[in-house]
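# Structural overview
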Amino acid sequence: MADRDDILNALPQTGKKARVPVPAPPLPSLTSDAMWQIFGARLEELGGRLGTLEDVEVILSRPHVIDQESATRLGRQPGGVPIWEAEVGVTTADLAVAEIGSLLISTGPGRPRMASLSPVVHVVVMPKERIVATLEEAFARLSDRSTVMITGPSRTADIEHVLVRGVHGPGDIVVVPV
Amino acid sequence: MKAKPVNHPAVEAFARQLAETTRDSVRATSVKVIESRKARLVDAFPDLEATRTQASQIKDFVLANISNLLSQLEMKCRLNGVQVHWAKDAESARKIILDICKEAAPDGGTIVKAKSMATEEIHLNKHLIDVGYNVVETDLGEFVVQIDNDTPSHIVAPIIHKNRREVAKSFEREGLGPYTESPEQLAAQARKHLRERFVEAKIGISGVNFAIAESGRLVLVENEGNSRLSTTAPDTHIAIMGLEKLLPSEADLPLFLKLLAGSATGQRMTVYTHLISGPRRKDEDDGPTAVHLVILDNGRSKVLNGPYKDILKCIRCGACSYVCPVYRQVSGHAYSHVYSGPLGAVLAPALEGIEALPELAKASTLCGACEEVCPVKIPIPRMLLQLRDEAMRKGVAENPIPWTLFTFGATSGLRWRTGLKMLPMARIAKHPLKDGWTEFRELPKKEGRDFRKWWNGRS
Amino acid sequence: MPPDSNVAKKSDSPVRVEARHRVRLMLTCLCDIYFGEVGISTVKILEHLNCEVLFDKEQTCCGQPPYNAGDWSAARQVAGLTMRALLESEDPVVMPSASCAAMIREGYPVLYEGMMHPEVFELGEFLVHQLKIRSWPVTTANPPAKRRVAFHRACHGRGIGLTNEQEMLVGSLPWIQLVRIAQGEQCCGFGGAFCATHGAISAGIGMEKLHNIMKAGAEEIVSGDMGCLLHLDGLIKKNKLPLRTRHFAELLAEAIAP
Ligand code: SF4
């Protein structure tokens, strides 16, 4: 801990300087449907898509894991194959963010982090009303648990700036608002 | 005519031996990113100028209150169950990390690493490998850098200097799969190989993009998912951050996340934004059971007390490199430091001391493109000038021209006019910059009328 | 009177700025040494717009060359002399160089910490923002042949907030067709002493610019900064490229009846 005090003492103690408040952006008053429409368009740009419960049934023919909440919603058993073997992960989400096509997913009981991460397909089944227009609104409602915000399929552009999807995380995302 | 052997400054010397294909790779990506950056940010922020000013002021606030904010961060992290360590220099940081590793994996084994400039800065990999750990870079670009025994040449795009054929050859050599030039298939080969490393690793090491003082949340952004895997699958997660990577509150995040994604890659948002609130809680299914945060000084407190403190507002978006005409000609390797491009040209000498890199600041046309794209408005050109001045004052850099004669002439109207008349003669005499000019250009000739003669003849 | 009432509306009718401005010309060292015609054109332009031009023969240089090279003690000696002269009167100072204007506005406060800089304008900036000229009042009876021109925005304009002022004026000349060049906002690679100490990099940047200009089909490069022009012209001649360089003041002066 000697380093701690050395560092803190070496830092300038200049003090305050007006803290500029981040002004809240004007809140667009959009209906949930309108927001889902924007969300869908954004998600598609990113290479994901909106889907239906029928789509989910087809996808679930592959080895999968399902989190607690989606299992209840789909009338299935939570869990599934060992996580590294799952090709599909089904999870819920806390919030969808329309303006950027993002999903916020917090951890918690029955909500394994790996389900949205290690499979090649990520299916999100979530209640329709869990959507906000802007990132600012979404972050004002952050869970205090570890949370991930997912914006489209995993991707890389490291090789010649050519876009490749699904390099480590899921290359496919299907979002099903119910 | 062949140029006489001259002692070129390091960046110039590097440029002279750089392969044209490397230059082409760097240039092509840089141009693409800068174009999409512009489109994206203009679209995302109706008043981009005001947004950048705002971000810049938030970072000013951070630097002005840094010791309080760090104490706050430390306290919140502890409450979250994150173990906080302080490292005053690289050696101290390496020792802290090694001690954690020895406890978490006493018998060695695999350590998965997410891309982190701070770990590059302290040369962590070599150190851990030397004591027997199998350290694996998992970001695709960093993975290529590692298997090629290379160094990253851009802070965001580590293999910007390589084309797909070079990557293909490396993968074939490493036995990752059959030779292929398809980026998709190369990525798939890397995925397969690295998956096994994620499964076996007991420790994951990452950097931190933003640490939130108010909540103790560590924010990591990435596109591939390797950073999430590195910080989720292993039991122990070690995060290392330069002490300036703070934001006061979570309300500041939306602005910074959008600016970073737009500036770095022209995206609306990075694919994964990982907000870490500590280790796995009792009621949670997975995630690391131990999370460590190493707060690294390594010269930063010194920089914060000096004229280059603004460079610590940097959020490592890499836009200044992409837009820089010099960077586009020379690639990141020319800067001979982990921090390259305009950012590195200031940060490297600021951290290491001007004596270590006295000529680096001169490798710039001072065109100002970097400051213009910088999301936090860092006045890079001004600091490059200050570095040049400091190097000169301390006598550690060479003066390209002895200015005595110029100064003598330019400090009196009479001497100036006399000097102008003598210029044709002076041109025959050897100007110190003559060879550097004529190697690539014709000497200028005075064309047309002389202004002063014309003016005098009018009245 | 609405502020814009003296803005030029048509390019073919001569405009007279109503109030007679008195302006001081800062010639700049490059005009003194190489670009006499640019200085002459600047005077013609200002007089054409009914300005009274004063020229102080004692002037030398703004001090930017040693400032950029890092020799600030040399820079202070030269800048001190220039600054004193500039502060002698209130009349605005106009110069055909963004780089010298940037030196005085941005550099002087660095050299002399926090000090106010004298009021100076780059020529295009003065024409557009002070005299409210939006398109050039052509008076010549013998317009030159039509030609395709690439406008190079000099980087030092960034420092003083220039955008498309010079370009707009040049583009308003009926015989000039401005072409769009790829990577148009990129630097030409000059950079003062850099162009010689880092010659290969400088020339690499410059050649890229010239190739982009040729690809756009231009035959002439026009800019507002003589450093860029000197460097690009040297490259053009060494590589025998089918291009020539001009300062934008010369193009505007071309449009004035003798
Ligand atoms: S200096 Fe500015 S532009 Fe460069 S990497 Fe840092 S934040 Fe980005």
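Definitions and limits used
- Residues numbered from 1 in each chain as written.
- Chains lettered and ligands numbered in written order.
- Predicted model: local features only at pLDDT ≥ 70, side-chain atom pairs only at ≥ 80, totals over all residues.
- Heavy atoms only, no water.
- Helix = DSSP H or I, 4+ residues; strand = E, 2+ residues; numbered from the N terminus.
- Buried < 20%, exposed > 50% of the residue type's maximum accessible area, 1.4 Å probe, protein only.
- Contact = heavy atoms within 4.5 Å.
- Lys, Arg positive; Asp, Glu negative; His and termini not counted.
- Charge placed at Lys NZ, Arg CZ, Asp CG, Glu CD.
- Expected span 1.5 Å × (residues − 1).
- Buried area = accessible area lost by both parts, 1.4 Å probe.
- Salt bridge = Lys/Arg side-chain N within 4 Å of Asp/Glu carboxyl O.
- Polar contact = N/O pair within 3.5 Å; in protein donor to acceptor, adjacent residues only side chain to side chain.
- Nonpolar A, V, L, I, M, F, W, Y, C, P; charged D, E, K, R; others polar.
- Near = heavy atom within 4 Å.
- Domains from an automatic or database assignment.
- Phe/Tyr/Trp six-rings, centres within 6.5 Å; stacked < 30°, edge-to-face > 60°.
- Pairing = 2+ DSSP bridges.
- Axes fitted to C-alpha atoms, helices over the stretch in contact; angles between N-to-C directions.

## Quick look at the overall build of chain A
Counting secondary structure elements, chain A contains five helices and 12 strands. Overall, the C-alpha framework of chain A stretches about 60 × 45 × 40 Å when taken along its three principal axes. Burial status across chain A gives 51% buried among its 178 residues. Taking contacts inside chain A between residues at least 6 apart in sequence as the whole, the part at least 24 apart equals 69%. In chain A, 17 positive and 22 negative side-chain charges are present, and the distance between their average locations comes to 5 Å.

## Let's talk about helix α18 (residues 380–393) of chain B
Compared with the 20 Å implied by 1.5 Å per residue over 14 residues, the 20 Å span of α18 of chain B between its first and last C-alpha is a close match. Along α18 of chain B, the residues classified as buried are I380, P381, M383, L384, L385, Q386, L387, R388, D389, E390, A391 and M392 of chain B. Among the structural elements, α14 (319–323), α16 (341–352) and α17 (369–373) of chain B together with α3 (64–69) and α4 (72–86) of chain C are those in contact with the buried residues of α18 of chain B. Where α18 of chain B terminates, the next one or two residues include G395 of chain B, which has phi positive at roughly 70°.

## Let's talk about helix α2 (residues 36–48) of chain C
Residue and element names in this part refer to chain C. Over its 13 residues, α2 extends 18 Å from the first C-alpha to the last, a length consistent with the 18 Å expected when each residue adds 1.5 Å. Of all 13 residues in α2, 10 are buried; the element is thus mostly enclosed. After α2 finishes, the residue N50 shows a positive phi value of roughly 70°.

## Looking at the interface of chain B and chain A
With 89 residues of chain B in contact, the opposing surface of chain A contributes 69 residues. Between chain B and chain A, roughly 6,700 Å² of surface is buried when both sides are summed, and carbon and sulfur atoms account for 56% of that area. Taken together, the links from chain B to chain A amount to 11 salt bridges. In this structure, D3 of chain A engages K88 of chain B in a salt bridge whose closest nitrogen and oxygen atoms are separated by 3.1 Å. Run the count over chain B and chain A and you get 42 residue pairs in polar contact (both at pLDDT 80 or more). Among the elements that take part in the side of chain B that touches chain A, helix α10 (residues 183–200) of chain B stands out by supplying nine residues, more than any other.

## Some details on the interface of chain B and chain C
Every contact between the two is made by 66 residues of chain B and, on the other side, 63 residues of chain C. Summed over both sides, the interface between chain B and chain C buries roughly 5,700 Å², with carbon and sulfur atoms accounting for 62% of that surface. Where chain B packs against chain C, one counts seven salt bridges. Here R449 of chain B ties to E37 of chain C by a salt bridge, and the two come within 2.8 Å at their closest N and O atoms. For the side of chain B that touches chain C, the element with the highest residue contribution is helix α20 (residues 413–428) of chain B, accounting for seven residues. Tallied by class, residues from the side of chain B that touches chain C come to 29 nonpolar, 15 polar and 22 charged.

## Concerning the site of the ligand
The full set of residues close to the ligand is C314, I315, R316, C317, G318, C320, C374, P375, I378 and I380 of chain B. The class makeup of the residues in the shell around the ligand is eight nonpolar, one polar and one charged.

## Description of the domain arrangement of chain C
Residues and elements named next belong to chain C. Per the domain assignment, the segments making up chain C are domain 1 (21–130) and domain 2 (147–254). If you average the C-alpha positions of domain 1 and of domain 2, the two centres end up 21 Å apart. Counting residues at the interface gives 27 residues for domain 1 and 21 residues for domain 2. A combined buried area of about 1,900 Å² lies between domain 1 and domain 2, and 76% of that area is made up of carbon and sulfur atoms. Summed over the shared surface of domain 1 and domain 2, the result is four residue pairs in polar contact (both at pLDDT 80 or more). Of all the secondary structure elements, the ones that give two or more residues to the side of domain 1 that touches domain 2 are α1 (29–33), α2, α3, α5 (98–111) and α6 (123–130).

## Re the packing of aromatic side chains
Here the structure, examined in full by the defined rule, presents 13 aromatic pairs over all chains. Between F143 of chain B and F171 of chain B, the aromatic rings sit 5.8 Å apart at their centres with planes inclined by 80°, giving edge-to-face as the arrangement. Taken together, the residues span a long stretch of sequence, with F143 of chain B in helix α8 (residues 140–147) and F171 of chain B in helix α9 (residues 164–173) at a distance of 28 residues. For the ring pair F121 of chain C and F126 of chain C, a centre distance of 5.4 Å and an interplane angle of 55° mean the geometry is tilted.

## Topic: the sheet that holds strand β4 (residues 203–206) of chain B
All names here are of chain B. Spatially, β1-β10-β7-β4-β2-β3 is the arrangement adopted by the six strands of the open sheet, whose pairing is parallel. If you trace the sheet from one side to the other, it starts and ends with β1 (82–87) and β3 (133–137), each paired once. In this sheet, neighbouring strand axes are inclined to one another by 20° on average, regardless of whether the strands run parallel or antiparallel. Summarising the sheet, strand β2 (residues 109–113) and β3 pair through five bridges and their orientation is parallel. The residue of β3 that forms the bridge with T110 is N134.

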